[in-house]
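Chains, contacts and geometry: an overview
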Amino acid sequence: MQILIAGATGNTGLRLVDQLKSNGHSPIALVRESSDTSSLPADVTQRQGDLTDLQPGVCDGCDAVIFAAGSGGSTGPEMTDKVDRDGAKRLIDLASEAGVSRFVMLSSAGADNPDPESDLAHYLQAKHNADEHLKASGLSYAIIRPVALTDDDGSRDMRFGDDVDPKGKAARGDVAAVLANAVDDNGWTGKALLMQSV
């Protein structure tokens, strides 16, 4: 499948590109003009697009879309809204217009019911809004909500849903593997699940 990845140059996104390639898919990296694309494999197609100002047609020709982007922990609430909420919602709408068969969302533990007292309250609310938009879009979707991320590759030994320890960890390598799997595993259809590495 031709799979558009938002966030392809990030810590999880680069692993996701490799995982999709090893699964036999053709990843397409959605990149800003200012993106550092030096870590992307040379044979990966790049498509220009900025999540804060996505143009029509960005999903054309794609079988699936994976949103693995994030504004980052050092940006303020405004950028969180622009990227994690509004950028995701716009990408969902464009994917729907393009007839994409599956949309996979990298969300976060806590996004299902954001705690207003949490340090991450604003971020979790943004993710919640994007997730709800996806659920209402009519697209075939999967939403993965990892607990705290680490930069480890992981062992591919994972827990999901009610088995997850909210104080556990999720290795980025494991997260990438789950995102890649959720593209064409019908067991993920219409699911929004917590995830942790074991």
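Quick look at the structure, then. These figures come from a predicted structure and were not determined experimentally.

Excluding glycine, residues mostly have negative phi values, and the peptide bonds linking residues are mostly trans. Here Arg-156, not a glycine, exhibits a phi torsion of approximately 70°, which is positive. Assignment of secondary structure puts Arg-156 in the loop between β7 (148–150) and β8 (158–160). Assessed through its relative accessible area of 35%, Arg-156 is described here as partly exposed.

To continue, consider the packing of aromatic side chains. What the rule picks out here adds up to one aromatic pair. Ring geometry for Phe-160 against Trp-188: centres 5.5 Å apart, planes inclined by 80°, an arrangement best described as edge-to-face. In this pair, Phe-160 is assigned in strand β8 and Trp-188 in the loop between α4 (172–184) and β10 (191–197), connecting sequence segments 28 residues apart. Look at Phe-160 and you get partly exposed, because its relative accessible area is 30%.

Quick look at the pattern of salt bridges now. A side chain with one charge can pair with a side chain of the opposite charge if their charged atoms come near. Enumeration over the complete set of coordinates arrives at nine salt bridges. Of the charged contacts, one joins Asp-43 and Lys-21 as a salt bridge, the two residues approaching to 2.8 Å between their closest N and O atoms. Residue Asp-43 is found in the loop between β2 (26–31) and β3 (45–48), and its partner Lys-21 is found in helix α1 (residues 11–22); the two are separated by 22 residues along the sequence. What makes Asp-43 exposed here is its relative accessible area of 57%.

Right, let's talk about the nonpolar core for a bit. Counting residues in hydrophobic clusters, the biggest one holds 29 residues, and the most contacted among them are Leu-16, Leu-20, Ile-66, Val-104, Ile-144, Leu-179 and Val-183. Counting only elements with at least two residues in this core, the list comes to β1 (2–6), α1, β2, β4 (64–67), β5 (102–106), β6 (141–146) and α4. Here the element with the most residues in this core is α4; it accounts for seven residues. Those residues in contact with Leu-20 that lie beyond four places of it in its chain are Ile-3, Ile-5, His-25, Pro-27, Ile-66, Ala-180 and Val-183. Formed by 26 residues, the second largest nonpolar core is a distinct cluster that contains Cys-62, Val-65, Val-83 and Leu-139.

For helix α3 (residues 121–135), with 15 residues, the first-to-last C-alpha span of 21 Å sits near the 21 Å given by 1.5 Å per residue. Inspection of α3 places Ala-121, Leu-124, Ala-126, Lys-127, His-128, Ala-130, Asp-131 and Leu-134 among the buried residues, and these make up the whole buried set.

Now for the packing of α1 against α4. When two helices pack together, you describe them by how their axes are tilted relative to each other and by the distance separating the axes. Contact geometry for α1 and α4: axes closest at 8 Å, N-to-C directions at 50°. By the angle between their axes, α1 is oblique relative to α4. For the crossing formed where α1 meets α4, the hand is right-handed. Contacts between α1 and α4 involve Asn-11, Thr-12, Arg-15, Leu-16, Gln-19 and Leu-20 on the former and, on the latter, Arg-172, Gly-173, Val-175, Ala-176, Ala-177, Leu-179, Ala-180 and Val-183. Partitioned by chemical class, the residues of the contact of α1 with α4 number eight nonpolar, four polar and two charged.

A few words now on the sheet that holds β8. The strands that make up a sheet pair up through hydrogen bonds in the backbone, lying either parallel or antiparallel. The eight strands lie next to each other as β3-β2-β1-β4-β5-β6-β10-β8, forming an open sheet whose pairing is mixed. Strand pairing shows two members of the sheet lacking a second neighbour, β3 and β8, which therefore form its edges. Neighbour-to-neighbour, the strand axes of this sheet turn through a mean angle of 25°, independent of strand direction. Examined bridge by bridge, β1 and β4 share four bridges and lie parallel to one another. The partner of Leu-4 across the bridge, within β4, is Val-65. Strands β4, β5, β6 and β10 of the sheet are contacted by α3, whose axis makes an angle of about 160° with β6. Together, β1, β4, β5, β6, β8 and β10 form the strand contacts of α4, whose direction differs from that of β5 by roughly 160°.

Reading the values: rules and limits
- Residues numbered from 1 in each chain as written.
- Predicted model: local features only at pLDDT ≥ 70, side-chain atom pairs only at ≥ 80, totals over all residues.
- Heavy atoms only, no water.
- Helix = DSSP H or I, 4+ residues; strand = E, 2+ residues; numbered from the N terminus.
- Buried < 20%, exposed > 50% of the residue type's maximum accessible area, 1.4 Å probe, protein only.
- Phe/Tyr/Trp six-rings, centres within 6.5 Å; stacked < 30°, edge-to-face > 60°.
- Salt bridge = Lys/Arg side-chain N within 4 Å of Asp/Glu carboxyl O.
- Core = buried A, V, L, I, M, F, W, Y, C linked by side-chain atoms within 4.5 Å.
- Contact = heavy atoms within 4.5 Å.
- Expected span 1.5 Å × (residues − 1).
- Axes fitted to C-alpha atoms, helices over the stretch in contact; angles between N-to-C directions.
- Parallel < 35°, antiparallel > 145°, perpendicular 65-115°, else oblique.
- Left-handed = near helix turned anticlockwise from the far one by under 90°.
- Nonpolar A, V, L, I, M, F, W, Y, C, P; charged D, E, K, R; others polar.
- Pairing = 2+ DSSP bridges.

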